[in-house]
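Below, each chain spelled out in residue letters.
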Amino acid sequence: MNASDSDRMKATLAPLGFEESKQPDNADVVLVNTCSIREKAEAKMSSFAYDLKKLKSKNPNMLIGITGCVAQQEKEKIIQELPFVDLVMGPDNIDDLPWAIEELTHKHTKKIIKAEFDTEPRVWKTTTKLVNPGPTAFISIMKGCDHFCSYCVVPYTRGREKSRPIADIVDDVKHLCSQGVRDITFLGQNINTFGKRSDESLHELFHRVHDIDLLKRIRFTTSHPGDLKDELIRCFETLPKLCSQFHLPVQSGSDQVLRSMRRFYTRAQYMDRVKALRQARPDIAFSTDIIVGFPGETEEDFEQTMSLMREVKYDNAYSFLFSPRPGTSAALRKDDTPEHVKLGRLQVLQTQQQSIAKALHVAQVGQHQEILIEGPSKKDPTKLTGRNSQGLSVHFTAQHNVNIGDLIPVEITSGSLTHLTAKPLTLS
Ligand code: SAM
Ligand code: SF4
């Protein structure tokens, strides 16, 4: 979501003549787009801002902006503690960026703070803005969240849930496809409840965009397991462009911890969804998010998370130590598990996950798969890279008769934790 917001910032500034600078040293404007999901991200923002202060002392015209969720939640603190910052802007205000830069540059306004949620109660009206899109693109189709899981800041930093009208999204997809995009990832914090305030739904959207000829692949994230309905699962049987990839954050394998997190599903209900998805699409790859060391998590609770991970066999798992966040109820809970115990659990869990993922990838050797070509490999430009339907990177020898955005058949020749290698099946 933040990467997509950063792309939008670049696109809103392009008409003013700005282009991306690889280093901040000689930039006219530096925007620090922040995440406040965990405390560490917030701490990184402060230390990076102090590095920018040094650059600004050499280049006093440099404008420094803090944007994103930390800006939304900590606007007063940023202004007080980082007085060299010129602009503080929340995620709902990105479209005001050109105005803010003009004010600061030409009207000599000293400081701008813009961190207000939009006031439209039901729908979110916007269009996707990208500078030179490639074969893949993110499209935000909704924003905010109504769930209030006990550990999470998102409802406070991104506001209540609002979805875009399907007709607007279809126009967006068609426009991006006319610019060369072939593989789209729809984004939303809680995408399964897309359209709930306007009587539209995610499965309806998938059916509509599936009819767009130029579009070859459809992906989406993030699904809350408690909101995952059968209609959506059925799309995996009927819509071949829907990729065999499902991010289904479980957070914990223990019912007691899930209750305390306010996740409103049980381990058994979660496993039922996994089973239904595997029935609908046998080659589906699951990924997940796990929080280790939630207040009150016992060794037994942790073991349940470990056993659930062995049962599901995730292709990928994003695992984090619990981080107490301001304004959330879990931050106030008694937490008597020592930090070193939590860190030990995280390490054990990550080691187990790595061996599961590696085994899943190695087992794909010999399979024939379709890869959508994304471009030359960063590590070895003689190779091309793309992703399979499951979302895993695949590197293969370049051919002269293929183009970026093409879907080509390959045979997998090796697998590792992070990627696959392959040989094209059409090589003459
Ligand atoms: N909406 C998604 C869901 O319900 O699963 C998750 C979105 S959240 C932005 C991404 C992930 O960050 C969560 O799934 C969770 O694992 C992690 N996360 C959120 N708050 C956290 C916290 N206070 N400490 C550690 N991890 C956290
Ligand atoms: Fe945060 Fe996801 Fe829970 Fe919403 S559903 S509060 S975004 S973890």
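Placed above this text is the structure.
From a predicted model like this one, the values you see are computed outputs, not experimental measurements.

So, the side chain of Thr 385
Structurally, Thr 385 is set in strand E14 (residues 383–387). There is a polar contact of 3.4 Å between the side chain of Thr 385 and the backbone oxygen of Val 394. When sequence neighbours within four positions are dropped, the list of residues in contact with Thr 385 reads Leu 372, Ile 373, Glu 374, Gly 375, Pro 376, Ser 377, Val 394, His 395 and Phe 396.

Observations regarding the pairing of strand E17 (residues 419–424)
The pairing of strand E15 (residues 393–397) with E17 spans four bridges and is parallel. Looking across to E17, one finds that Ser 393 is bridged to His 419. Bridge count for strand E16 (residues 407–415) against E17 is five bridges, and the pairing is antiparallel. Counted as the bridge partner of Ile 412 is Ala 422 from E17. What sits between E16 and E17 in their antiparallel hairpin is a turn of three residues.

Some remarks on the layout of surface pockets
Of the pockets and cavities examined, the second largest pocket occupies roughly 410 Å³. Where the lining of the second largest pocket is concerned, the elements lending two or more residues are helix H1 (2–13) and strand E5 (136–140). Residues of the lining of the second largest pocket, tallied by class, amount to seven nonpolar, six polar and twelve charged.

Focus on the sheet that holds strand E2 (residues 63–68)
Taking strand neighbours across the sheet as the criterion, the four strands line up as E1-E2-E3-E4 in an open arrangement whose pairing is parallel. The sheet is open, and its two borders are formed by strand E1 (29–34) and strand E4 (112–114), each paired with just one other strand. Averaged over all neighbouring strand pairs, the angle between strand axes comes to 10°, with direction disregarded. Taken together, the three bridges between strand E3 (residues 87–89) and E4 define a ladder with parallel strand orientation. Looking across to E4, one finds that Val 88 is bridged to Ile 113.

With respect to the site of ligand 2
In the vicinity of ligand 2, the residues found are Cys 145, His 147, Phe 148, Cys 149, Tyr 151, Cys 152, Val 154, Pro 155, Gln 189, His 224 and Arg 263. Of the residues belonging to the shell around ligand 2, the class tally is seven nonpolar, three polar and one charged.

As for the site of ligand 1
In the region of ligand 1, 17 residues are neighbours, and Gln 189, Gln 251, Arg 263, Asp 289 and Ser 323 sit closest. A distance of 3.0 Å is found between a nitrogen atom of ligand 1 and a backbone nitrogen or oxygen belonging to Tyr 151. Taking 570 Å² as the accessible area of ligand 1 by itself, protein coverage stands at 91%. Taken together, the elements giving at least two residues each to the shell around ligand 1 come down to strand E11 (285–292) and strand E12 (316–321). When the residues that make up the shell around ligand 1 are grouped by side-chain class, the tally is eight nonpolar, five polar and four charged.

A short note on the sheet that holds strand E8 (residues 183–187)
Strand order in the open sheet formed by three strands is E5-E8-E9, and the pairing between neighbours is parallel. Sheet topology places E5 and strand E9 (217–221) at the edges, where each strand pairs with a single neighbour. Pairwise comparison of adjacent strand axes, ignoring direction, gives a mean angle of 25° for this sheet. With five bridges joining them, E5 and E8 adopt parallel strand pairing. Note on E8: the bridge partner recorded for Phe 138 is Thr 185. The strands that helix H8 (residues 202–210) touches are E8 and E9; relative to E9, the one it contacts most, it runs at about 160°.

About the criteria used
- Residues numbered from 1 in each chain as written.
- Chains lettered and ligands numbered in written order.
- Predicted model: local features only at pLDDT ≥ 70, side-chain atom pairs only at ≥ 80, totals over all residues.
- Heavy atoms only, no water.
- Helix = DSSP H or I, 4+ residues; strand = E, 2+ residues; numbered from the N terminus.
- Polar contact = N/O pair within 3.5 Å; in protein donor to acceptor, adjacent residues only side chain to side chain.
- Contact = heavy atoms within 4.5 Å.
- Pairing = 2+ DSSP bridges.
- 1 Å grid on protein atoms, 1.4 Å probe; cavity = no way out; pocket = protein on both sides within 12 Å on 5 of 7 lines; lining within 4 Å.
- Points joined across faces, edges and corners; volume = space filled by probe spheres on them.
- Nonpolar A, V, L, I, M, F, W, Y, C, P; charged D, E, K, R; others polar.
- Axes fitted to C-alpha atoms, helices over the stretch in contact; angles between N-to-C directions.
- Near = heavy atom within 4 Å.
- Areas by Shrake-Rupley, 256 points an atom, 1.4 Å probe, with all protein chains shown as cover.

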